[in-house]
Amino acid sequence: MEFLDRYQQIVADAITKYTFKDKPSELYDPMNYIISHGGKRLRPIMVLMACDMFGGDLKQAIKPALAIEFFHNFTLIHDDIMDEAPLRRNKPTIHTLHGLNVGILSGDGLMLKAYKFFEDLEPEIFKACIRIFTHTGLLLCEGQQYDINFETQENVTFDDYIRMITYKTGVLSASSFEIGALIARADFKDAKAIFNFGKHIGIAFQIMDDYLDVFGDQAQFGKKHAGDIYENKKTVLYLLAREHATDEERKELDYWYSKKTENVDKVYGVEKIFRRTKVDEKALRLIEKHNEIGQSYLQKIDVPEEKKKPFIELANYLLRRES
């Protein structure tokens with residue numbers, strides 16, 4: 001998609017321009033390390049897309065877009081520490097290379113740098129964006145804690161799961177769009193509509209993430225195969241399997257999810273139940289459902305249809321990831 005390439009180049013150029021040159025290098029080099037790995041840099045692109053949609057000045061949105069990218073990477077550093085993950089985007093994680101202390105500090109540094117990147121905004125817009133940004137950060141922490149709780153919580157409902165992924169993933173995409181809209185001075189109704197579009201696309205994206213953890217091409221995905229099973233994460237696959245499993249299969253799931261072990265028999269046993277209950281098909285249907293809800297919010301926005309096309313293309317692109 002040409003429009004995506006254009007935004008990615010804008011973000012890449014800005015990241016190069018604002019590479020951290022501060023001291024001590026032991027703190028800032030790891031921050032540059034994770035930022036330089038790139039990935040698709042979707043959240044800052046969402047800021048720019050929404051700003052463009054409502055006729056805003058992209059120059060005003062570039063530093064806030066980087067703020068979102070810095071914040072996102074801060075969460076990844078700390079998430080990897082909590083998950084004891086050895087790889088991120090097929091490269092060693094920061095705590096693996098430099099230890100836990102540097103991982104914690106460099107993550108904190110990225111978060112604080114993110115706040116500074118809103119400082120050039122006009123006072124009224126600055127206040128609105130910081131309010132959204134801070135609220136998003138708190139919700140993300142709540143979502144992460146729910147995720148941790150679920151590992152030992154016996155009864156996790158589907159609504160519990162949706163709340164968790166909404167907070168942990170959905171609201172960051174939603175807020176990225178909303179911040180871009182606010183910088184362009186979109187009206188409240190349209191800003192909220194693009195927020196809700198982002199929220200449901202983010203939910204669908206996280207369900208796809210859960211799906212790919214087990215059913216994806218791991219070389220393409222860049223993460224350890226079935227990491228969620230090893231970590232006892234009660235993802236959508238687990239919840240759907242429990243709902244459709246036999247009593248005997250539920251007992252087997254309970255047995256495996258009571259143990260945090262690297263045992264390959266655990267992965268084999270759980271995957272067998274996932275396949276028998278066809279949770280892959282059910283998860284893909286849920287992804288499509290939230291995509292449709294997101295598109296319905298997009299249609300409520302009062303801009304020409306031509307300006308909505310990149311958002312539809314982005315959603316379809318995100319939800320056709322390699323599997």
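Our subject is the structure listed above.
Residues numbered from 1 in each chain as written. Predicted model: local features only at pLDDT ≥ 70, side-chain atom pairs only at ≥ 80, totals over all residues. Heavy atoms only, no water.

So, about the layout of surface pockets. Each pocket or cavity is described by its volume, and for the second largest pocket that value is around 230 Å³. When residues of the lining of the second largest pocket are traced back to their parent elements, those giving at least two are α1 (2–17) and α4 (58–83). For the lining of the second largest pocket, the residue count by class is eight nonpolar, one polar and seven charged. (1 Å grid on protein atoms, 1.4 Å probe; cavity = no way out; pocket = protein on both sides within 12 Å on 5 of 7 lines; lining within 4 Å. Points joined across faces, edges and corners; volume = space filled by probe spheres on them. Helix = DSSP H or I, 4+ residues; strand = E, 2+ residues; numbered from the N terminus. Nonpolar A, V, L, I, M, F, W, Y, C, P; charged D, E, K, R; others polar.)

Our focus in this paragraph is helix α13 (residues 247–256). Among all positions of α13, only Glu249, Leu253 and Trp256 are buried. Looking straight down α13, one finds its buried side chains confined to an arc of 70 degrees; they lie on one side. Structural note: α13 exposes Asp247, Glu248 and Lys251 on the side pointing more than 90 degrees away from its buried face. Taken together, the buried residues of α13 touch α12 (236–244) and α14 (264–276). (Buried < 20%, exposed > 50% of the residue type's maximum accessible area, 1.4 Å probe, protein only. Arc of directions from axis to C-beta. Contact = heavy atoms within 4.5 Å.)

One pass over the full model with this rule turns up 21 salt bridges. A salt bridge links Asp80 to Arg88; the shortest N-O distance between them is 2.7 Å. Judged by its relative accessible area of 4%, Asp80 falls in the buried class. On the basis of relative accessibility, which here comes to 13%, the residue Arg88 falls in the buried class. (Salt bridge = Lys/Arg side-chain N within 4 Å of Asp/Glu carboxyl O.)

Quick look at the nonpolar core now. Judged by nonpolar contacts, the single largest core of 102 residues is most densely connected at Leu110, Ile194, Ile207, Phe274 and Leu314. With 14 residues, the single largest contributor to this core is helix α9 (residues 188–215). Apart from residues no more than four positions distant in its own chain, Ile194 is found in contact with Met53, Phe177, Glu178, Ala181, Leu298, Ile301 and Phe311. (Core = buried A, V, L, I, M, F, W, Y, C linked by side-chain atoms within 4.5 Å.)

Tracing the chain through its elements places Lys233 in the loop between α11 (227–230) and α12. Its relative accessible area of 8% is what places Lys233 among the buried residues. A polar contact of 3.5 Å, which involves the side chain of Lys233, links it to the side chain of Asp83. (Polar contact = N/O pair within 3.5 Å; in protein donor to acceptor, adjacent residues only side chain to side chain.)

Following the sequence through the fold, Tyr211 ends up in helix α9. What makes Tyr211 buried here is its relative accessible area of 9%. Expressed as a C-alpha distance, the spacing of Tyr211 and Leu237, which sit 26 residues apart in the sequence, is 7.0 Å.

Counted by the stated rule, this structure contains zero disulfides. Cysteine Cys129 is unpaired, with the sulfur of Cys51 as its nearest cysteine sulfur at 9.9 Å. Sulfur of Cys141: no disulfide; nearest cysteine sulfur belongs to Cys129 and is 20 Å away. By relative accessible area, which is 48% here, Cys141 ends up partly exposed. (Disulfide = S-S within 2.5 Å.)

Attention now goes to the packing of aromatic side chains. Summed over all chains, the structure comprises 18 aromatic pairs. Put simply, the rings of Tyr18, Phe20, Tyr28, Phe70 and Phe117 pair up and form one aromatic cluster. Across the ring face of Tyr146, the terminal group of Arg163 is positioned such that the distance to the ring centre comes to 4.1 Å. Note that Lys266 overlies the ring of Tyr257, its terminal NZ or CZ placed 5.7 Å from the centroid. (Phe/Tyr/Trp six-rings, centres within 6.5 Å; stacked < 30°, edge-to-face > 60°. Lys NZ or Arg CZ within 6 Å of the ring centre and 35° of its normal.)

Geometric values such as these leave the question of function open.
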